[in-house]
Amino acid sequence: MHLDSFRLSLGPGTVNKVYDEFLQVSGLSAATKAEVKQAAAAQQNIFKRAIKTLGDIFVPIIPAIVASGFLMGIMEALNFMVSNGFLSLNTESSLFVFAKLFSNVAYVFLPILIATSAAKAFGGNPYLGAVIGMLMIHPDLQNAWTVATEGVKVQQSVWFGLYHIDLIGYQGHVIPVIIAVWVMCFIEKKLHKIVPEMFDLFVTPLVSVFATGYLTYSVIGPVFVVIENGIISGIQWLIALPLGIGSFVMGALYAPTVVAGVHHMYTIIDVGQLAQYGVTYWLPLASAANLAQGAATLAVALKTKNARTKSMALPSAFSAFMGITEPAIFGVNMRYFKPFICGCAGGACGALFASIVQLGANGTGVTGLFGVLLCLNMPTQYILMMAISIGVSFALTWVFGYKDEEPQAQKKATETAYAQEGEVHGASTQGQGPTADEELVLYAPIQGKAIPREEIPDETFASGVLGDGIGIEPEIGEVTAPFEGEISSLTETRHAIGISGPGGMEVLIHVGVDTVKMNGDGFTLFVTEGQKVKAGERLMEFDIDKIKKAGYSTVSAVLLTNSDDYGSCHTEKLGMVQRMEKIFSVKM
């Protein structure tokens, strides 16, 4: 673990004053929780950081999107089959009616989901973020989906009569929601710094929501809706270019627009083309891109030997084949990036073919494999489009897009460290190194009562966003090295240590909760950054009584910050533990 990721990990994303004070002490700028967890994030360029932030926002809400998306696809398919006489079904039954209501609920209230997740990612109060999302789809605003047929019904003068805005909701919009929540988080954190503590509880939320709400209705919403609409109009012009050139380009760019969240507005293109041509040429293009991303993920799943990667990639690929690509894109393809590019190439080829044969769908709402139900007038062409998209993407990913780590390379990299650690603990590991079936061990760096990670009295640590591990309520104020390794980072306030060890393990030892406020008082370090240490070597001493008198919890977090890199993690012991007793293990 490098210093960039470790320093940020000390500031819980939703804890205002502690986080702000830490930023002042460290001299760092604010970042998302996911950036805290990923060591390389702070070294990425602006474009990659922006993409990563969008991933931080959308990944947590993927389960809701997947659930609604799958059900929506099923209901659309059933409706199509019933309407065209392929299936006899009672569409007035409670089961059918309720399922139809359930199917789109995540999309109806999508701004709320996005706003809540964005607030967490930007380090604000997620419940205030939810309120901003609610403001943007308030029932007193005209529903955005009715504007095309009914026109704008009500306008409102703003900024003391300077100009007028349309009182329209933001259903289906993404960018305005994210920008609005970012503004709210910025205002909220600034207010936490200047508002006296006794007034902070009600002044900060009130001012944050009101100021952001007014700015959203009067400036942010109208401006960024125009930007989104401009993007959509540009896409419509592009896909109309001759020889399928525009479709080829958009087949390649469709997945990046999913990353940006703009794809939620593509229904407008479908509806517009259905009204003008009786079919939509956009849906097959979207299907090609979705299927290609699924094929890239499937190639990773079949090629990888990492159990955790495989367990994530297989269901994500299936989801993408059904038309829901977020799990595949954010969970797998963007993580390795090359599979994402290969998926874009496959989508481009499939979209090019669809354009050449003028493949059109007579409905919208279903992409992927089930999209063929909307193209029953040209089923052969649709099946060929799927074959091209999947085949090109899978082949490119298999050959060029993903290279799994060699087990023997992992073994060689950690064999020496394992053997040395075994000598310290009296266990012979000569000639052995961690393979897929063997484990890496984390020993207790503190003597005391070990508790589950979920019981650590800090939201960020307990949630696992910084990695899996345990908490220890110390009996003795001493920290020792949990294995043989290297001190990768230290804090100026001396209350936390980062250490890297066997098998690439990156461990954060954070003594107490909110102890950054103590500014190093009561903490003594015995190591320096970059120093090699033996297992059991003393790293730090801390004054338990002083921490308690300062009003802070002494529960210390011992977290494997890169736990996602391993196939499985297991807590070995809870309750009273001695220093250097086995408490946590991982397998490759």
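Here the structure is a predicted model, which means the values were calculated and not measured. (Residues numbered from 1 in each chain as written. Predicted model: local features only at pLDDT ≥ 70, side-chain atom pairs only at ≥ 80, totals over all residues. Heavy atoms only, no water.)

Within the protein one finds 22 helices and 16 strands. Within the protein, counting contacts between residues at least 6 apart in sequence, those at least 24 apart form 71% of the total. Carbon together with sulfur atoms contributes 62% to the accessible area of the protein, which is approximately 25,700 Å² in total. (Helix = DSSP H or I, 4+ residues; strand = E, 2+ residues; numbered from the N terminus. Contact = heavy atoms within 4.5 Å. Areas by Shrake-Rupley, 256 points an atom, 1.4 Å probe, with all protein chains shown as cover.)

This part covers the sheet that holds strand β9 (residues 506-510). As summarised here, the arrangement of the eight strands in space is β11-β7-β8-β9-β13-β5-β4-β15, forming an open sheet in which the pairing is antiparallel. Either end of the sheet is taken by a strand with one partner, and the two such strands are β11 (532-533) and β15 (575-577). Bridge analysis of strand β7 (residues 485-490) against β11 gives two bridges, and the strand direction is antiparallel. Bridge assignment links G485 to a residue of β11, and that residue is V533. (Pairing = 2+ DSSP bridges.)

On to the nonpolar core, then. What tends to happen in soluble globular proteins is that the nonpolar side chains get buried as a cluster. Counting residues in each nonpolar core, the largest one holds 35 residues, and the members touching the most others are V479, I487, V507, L539 and F542. Core analysis: the next-biggest nonpolar cluster, separate from the first, contains 29 residues, I57, V181, V183 and C185 among them. (Core = buried A, V, L, I, M, F, W, Y, C linked by side-chain atoms within 4.5 Å. Buried < 20%, exposed > 50% of the residue type's maximum accessible area, 1.4 Å probe, protein only.)

Take the packing of aromatic side chains next. Tallied over the entire structure, the rule returns eight aromatic pairs. Note on F98 and F102: the rings are 6.3 Å apart at their centroids and 35° apart in plane angle, and the pair reads as tilted. Of this pair, F98 and F102 both sit in helix α6 (residues 94-103), separated by four residues, roughly a single helical turn. Pairing F199 with F202 gives two aromatic rings, centres 6.1 Å apart and planes at 85°, and the pair type is edge-to-face. A residue pair is termed a helical-turn pair when its members lie 3 or 4 positions apart in one helix, as F199 and F202 do in helix α12 (residues 197-239) at three residues. Accessibility expressed as a relative area gives 36% for F199, which makes it partly exposed. Here K303 stacks its cationic end above the ring of W398, 5.6 Å away from the centre of that ring. (Phe/Tyr/Trp six-rings, centres within 6.5 Å; stacked < 30°, edge-to-face > 60°. Lys NZ or Arg CZ within 6 Å of the ring centre and 35° of its normal.)

Our next topic: the side chain of N562. Inspection of the secondary structure puts N562 in the loop between β13 (556-560) and β14 (568-571). Of the polar contacts made by the side chain of N562, one reaches the backbone oxygen of G504; its length is 2.8 Å. The contacts of N562, once residues within four sequence positions are left out, are G504, M505 and E506. (Polar contact = N/O pair within 3.5 Å; in protein donor to acceptor, adjacent residues only side chain to side chain.)

This part is about the pattern of salt bridges. The full count for this structure, using the stated rule, is eight salt bridges. Across the salt bridge formed by R453 and D468, the nearest N and O atoms sit 2.9 Å from each other. Separated by 15 residues along the polypeptide, R453 in the loop between β4 (448-452) and α21 (459-463) and D468 in strand β5 (residues 468-474) bring together distant segments of the chain. Look at R453 and you get buried, because its relative accessible area is 12%. A relative accessible area of 22% means that D468 is categorised as partly exposed. Salt-bridge contacts for E541 lead to R538; the nearest nitrogen and oxygen are separated by 2.9 Å. Classification of E541 by relative accessible area gives partly exposed; the value is 32%. The network of salt bridges with shared partners includes R453, E454 and D468. (Salt bridge = Lys/Arg side-chain N within 4 Å of Asp/Glu carboxyl O.)

Bringing a nonpolar patch on the surface into the picture now. A cluster of nonpolar residues, W159, F160, L162, F210, Y214, V219, V223 and I227, forms a patch on the protein surface that exposes about 870 Å² of accessible area. Looking at where Y214 falls in the secondary structure, it is placed in helix α12. With a relative accessible area of 33%, Y214 lands in the partly exposed category. (Patch = residues over 30% accessible without salt bridge, like charges linked within 9 Å, V, L, I, M, F, W, Y side chains within 5 Å.)

Those residues of helix α9 (residues 126-136) lying buried are P126, L128, G129, A130, I132, G133 and M136. Its side-chain oxygen placed 2.8 Å from the backbone nitrogen of Y127, N125 serves as the N-cap of α9.

What follows deals with the confidence of the model for the protein. The predicted coordinates should not be examined in detail at positions where pLDDT is low. Residues of the protein with pLDDT of at least 70 account for 79%, and the chain-wide mean is 79. Counting contacts from residues 26-44, a segment whose pLDDT is below 50, to residues more than four positions away or on other chains yields 51 contacts. Segment residues 406-436 is flagged for pLDDT under 50; beyond a separation of four residues in sequence, or across chains, it makes 42 contacts in the model. (pLDDT = per-residue confidence, 0-100.)

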